[in-house]
Amino acid sequence: MKHVPLLFALHIFILLFHSGSIAADEPAYGDALIVGSIGEPSNLIPMLASDRPSHDVSGLVYQGLVKYDTDLSLIGDLARSWDITDDGLSITFHLREDVQWEDGTPFTAEDVLYGFNTICDPATPTAYAGDYLQVKKAEVLDSHTFKVTYDKPFAPALGSWGNIVVLPRHLLEEKKITESSLSRKPIGLGPFTFRTWAPGEKIVLDANPTYYDGRPYLNQYIIRFIPDQGTMFLELQSGAIDYMPLTPMQYTRQTQTDYFKNNYNKYKYPSFTYTYLGFNLKHPWFQDKRVRQAIAHAVNKQELIDGVLLGLGREATGPFVPGTWPYNPDVQKHPFNPDRARSLLAEAGWTDTDGDGVLDRDGRPFEFTIHTNMGNPLRLKTATIIQWRLEKIGIKIDIRVLEWATFLNEFLDKRRFHAVIMGWGIGLDPDQYDIWHSSKTAERELNFITYKNQEVDELLEKGRRIFDIKKRKKIYNRFQEILAEEVPYIFLYVPYALPIIHNRFKNIQPTPIGISYNLEKWYVPADRQKHRLLP
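Here's a quick rundown of the structure. Only a predicted model underlies this, so the values are computations on that prediction, with no experimental measurement involved. Numbering of residues begins from 1 in every chain and follows the order in which that chain's sequence is written. Reporting in this predicted model follows two pLDDT cut-offs: at least 70 for local features of residues, and 80 or more for side-chain atom pairs to be given and counted; totals over whole chains, interfaces and linings ignore these cut-offs and use all residues. Values reported for side chains reflect all heavy atoms of the structure, with hydrogen atoms and water molecules removed beforehand.

1. A look at the overall build of the chain
Phase 1: A tally of helices and strands in the chain yields 15 helices and 22 strands.
Phase 2: Expected size for 535 residues packed as a compact globule is a radius of gyration near 24 Å; at 24 Å, the chain falls within 12% of this value.
Phase 3: By principal-axis analysis of the C-alpha atoms, the chain measures approximately 75 × 60 × 45 Å.
Phase 4: Expressed as a percentage of contacts within the chain between residues at least 6 apart in sequence, the contacts between residues at least 24 apart total 70%.
Phase 5: All accessibility values rest on the Shrake-Rupley procedure with a 1.4 Å probe; residue burial counts only the protein chains present in the view. For the chain, the exposed area adds up to about 21700 Å²; of that, 49% sits on carbon and sulfur atoms.
Phase 6: Only four residue types enter the tally: Lys and Arg on the positive side, Asp and Glu on the negative side, with His and both chain ends excluded. Here the site of a charge means NZ on Lys, CZ on Arg, CG on Asp, or CD on Glu. Charge centroids of the chain, computed over 60 positive and 66 negative side chains, lie 2 Å from each other. Secondary structure elements are defined from DSSP: runs of H or I of at least 4 residues count as helices, runs of E of at least 2 residues count as strands, and each element is numbered from the N terminus. To get the radius of gyration, use the C-alpha atoms; to get the globule rule, take the number of residues to the power 0.38 and multiply by 2.2 Å. We call two residues in contact when some of their heavy atoms are within 4.5 Å.

Set out below in structure tokens:
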């Protein structure tokens, strides 16, 4: 058996701060974890959703064949083991025989094949089909053996068989997946089962008593939708929620009271995310790379890290986290330099011909709108600082903040924007095909800025065909060099993750993949339990 190696520099992921320690209290069943979420899911069928709130929920209801362990290696989940041929072209998964869907139907290889066929169906509106279209043949060898054969080597192959593609065939067969009630009422086989979804209010999940790895200690996992992070913090302070991501201000100052020190644990560690300013490359303002480079020179990244993150983050220079093996530290930088920005804009034909302080070209002023989502004060602050900096070089900026679902469905998916401030969560394999390849620009796909570069397309194709880490690194180094030169995004910063959790929850163990990987093992000692089953 051969595994695709993931040689991350693990030392950067050592926990940087943890206030409080894991108590040796006796594990007990009961209580509920109430989590605050800025966004509301769009769809609870994983392959149909591209937003994080949806995957945060569906990831607790569904499982994949494999998952990442705390050392970033791939281990079995619904697959107890697998065999990979020496040429890397075939994987045979040996599935667990003790797994059932929550309605009691046994999980089999037919469910995996059904999910595979569904995601590859052109009628399925998914952003994730690319990985599965690499498969030449998928077959059920017996009820618990599933085999896939690739036409060419595909480096992300093993890691792609997560929870995106596993579906309950007996509930979906001969139905249109886009019309399935599972998008709002999923029936899964993960550690939690779906109970209710009150739109605009909350989703309630119950512990799955038949979960193959043992019933979670917690009775319920409840997500409350609170679109403003300031309001969410007040809910935390009142005890109405137990768990939320803090802003840097909340982390460094607002939680430095005896109340929080006595009742909550805070964590800080590098996140697999980055925040960026992305341009709609179909808009005439942004088709000249000199304009994009000029805007990059006008943005002071360190100012954003200090002023927005309060120092709790690092500069981003590309789509990989500093310290991981695909990261290229030597790409072209566009340091803060307003004079260079003005010079590049002049070269591109933008000058202030009427003396009103706003650049113009062909009689049209240089003004555009930055869109971002409600409830994320860091993105709004980032947009405000960028607005101020760009106005100093003669570009007029408007900022429009939208509710998450509207932002996603009406603006991003329909390409109705000039520029956006958003963030990406980064997978543990460096494959960036779905975000940057020119074939992924259709509605609901992830290359919504419509970036097209032939060399990048070729590099992305090569990068997923090679298993050798050194050769892949050279490919992704060149990929990052092109992005740094062309500036389709201005990569702004990599923030730290700053979760806070009530200290009655035990067995929370921070790792390179975060803190919630073992959520089903979290517990509250019997004498500290707070909630009975909630409706």
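2. Some remarks on unusual backbone geometry
Phase 1: Non-glycine residue Arg444 carries a positive phi angle of around 75°.
Phase 2: Relative to the elements of secondary structure, Arg444 occurs in the loop between helix 13 (433-436) and helix 14 (454-463).
Phase 3: Any residue under 20% of the maximum accessible area for its type is buried, any over 50% is exposed, and the rest in between are partly exposed; the area is computed with a 1.4 Å probe on protein chains only. Classification of Arg444 by relative accessible area gives partly exposed; the value is 42%.
Phase 4: In this structure, Thr450 is a non-glycine residue whose phi angle is positive, near 65°.

3. A look at the packing of helix 8 (residues 289-298) against helix 10 (residues 338-347)
Phase 1: Axis definition: a line fitted to C-alpha atoms, limited for helices to the stretch in contact. Angles are taken between N-to-C directions and run from 0 to 180 degrees. Between helix 8 and helix 10, the least distance of the axes is 8 Å, while the angle of their chain directions is 165°. Here helix 10 runs roughly antiparallel to helix 8, going by the angle between their axes. In this structure, helix 8 crosses over helix 10, and the sense of that crossing is left-handed. Across from Arg290, Val291, Gln293, Ala294, His297 and Ala298 in helix 8, the residues of helix 10 making contact are Pro338, Arg340, Ala341, Leu344, Leu345 and Glu347. For classification purposes, an angle smaller than 35 degrees is called roughly parallel, one larger than 145 roughly antiparallel, one from 65 to 115 roughly perpendicular, and anything else oblique. Helix crossings fall into two classes, left-handed where the near helix is turned counterclockwise from the far one by less than a right angle and right-handed where it is turned clockwise.

4. Description of the nonpolar core
Phase 1: In this structure, Leu277, Ile295, Phe366, Phe368, Ile395 and Trp436 are the most contacted members of the largest nonpolar core, which totals 77 residues.
Phase 2: The element contributing the most residues to this core is strand 21 (residues 489-497), with six residues.
Phase 3: Ignoring anything within four residues of it in the chain, the contact list for Ile295 reads Leu277, Phe279, Phe286, Phe368, Leu390, Ile395 and Ile490.
Phase 4: Nonpolar cores were defined as sets of buried Ala, Val, Leu, Ile, Met, Phe, Trp, Tyr and Cys residues, with membership established by side-chain atoms within 4.5 Å. Of all hydrophobic cores here, the second largest spans 72 residues; its members include Leu33, Leu113, Phe192 and Ile203.

5. What to know about the packing of aromatic side chains
Phase 1: Here a pair means two rings of Phe, Tyr or Trp (six-membered ring of Trp) with centres within 6.5 Å. Their orientation is stacked below 30 degrees between planes, edge-to-face above 60, and tilted elsewhere. Taken as a whole, this structure holds 35 aromatic pairs when the rule is applied.
Phase 2: Centroid distance Phe279 to Phe286: 4.9 Å. Interplanar angle 35°. Geometry classified as tilted.
Phase 3: Look at Phe286 and you get buried, because its relative accessible area is 0%.
Phase 4: Aromatic side chains Trp436 and Phe479 sit 6.5 Å apart centroid to centroid with 70° between the ring planes, which places their arrangement in the edge-to-face category. Placement of the pair is Trp436 in helix 13 and Phe479 in helix 15 (residues 469-486), with a sequence separation of 43 residues. Neither residue differs from the other here; Trp436 and Phe479 are each classed as buried.
Phase 5: Only lysine NZ and arginine CZ atoms are considered, and such an atom sits over a ring when it is within 6 Å of the ring centre and within 35 degrees of the ring normal. Between Arg416 and the ring centre of Phe411, over which it is positioned, the NZ or CZ distance is 4.6 Å.
Phase 6: Lying across the ring of Tyr433, Arg464 places its NZ or CZ 4.0 Å from the centre.

6. As for helix 8
Phase 1: Burial analysis of helix 8 places eight of its ten residues in the buried class, the great majority of the element.
Phase 2: Residues of helix 8 that are buried: Val291, Arg292, Gln293, Ala294, Ile295, Ala296, His297 and Ala298.
Phase 3: For helix 8, the secondary structure elements touched by its buried residues are strand 14 (273-279), helix 10, strand 18 (367-373), helix 11 (377-391), helix 15 and strand 21.

7. Considerations on the pairing of strand 2 (residues 32-37)
Phase 1: With respect to burial, strand 2 is a largely interior element, six of its six residues being buried.
Phase 2: The side-chain alternation of strand 2 yields two buried faces, one formed by Ala32, Ile34 and Gly36 and the other by Leu33, Val35 and Ser37.
Phase 3: When DSSP locates at least two bridges between a pair of strands, those strands are taken to pair. Where strand 2 lies against strand 11 (residues 220-225), six bridges are found, and the strand directions are parallel. Residue Ser37 lies in a different strand from strand 11, and its bridge partner there is Phe225.

8. Things to note about the sheet that holds strand 7 (residues 135-142)
Phase 1: Spatially, the four strands line up as an open sheet ordered 5-6-8-7, and their pairing is antiparallel. If you trace the sheet from one side to the other, it starts and ends with strand 5 (79-84) and strand 7, each paired once. Sheet twist, expressed as the average angle between the axes of neighbouring strands with direction ignored, equals 20°.
Phase 2: Across the face of the sheet, helix 2 (residues 109-120) comes into contact with strand 6 (90-95), strand 7 and strand 8 (145-150) while running at roughly 160° to strand 7.

9. Considering the environment of Asp206
Phase 1: Looking at where Asp206 falls in the secondary structure, it is placed in strand 10 (residues 202-207).
Phase 2: Once the C-alpha coordinates of Asp206 and Thr193 are considered, the two residues, 13 residues apart in sequence, prove to be 5.2 Å apart.
Phase 3: For Asp206, the contacting residues outside a window of four places in its chain are Pro191, Phe192, Thr193, Arg195, Asn219 and Gln220.
Phase 4: Looking at Asp206, its side chain comes within polar contact range of the side chain of Arg195, at 2.7 Å. Think of a polar contact as two N or O atoms within 3.5 Å of one another; within protein, one of them needs to be a possible hydrogen donor and the other a possible acceptor, and neighboring residues in sequence only count if both atoms come from side chains.

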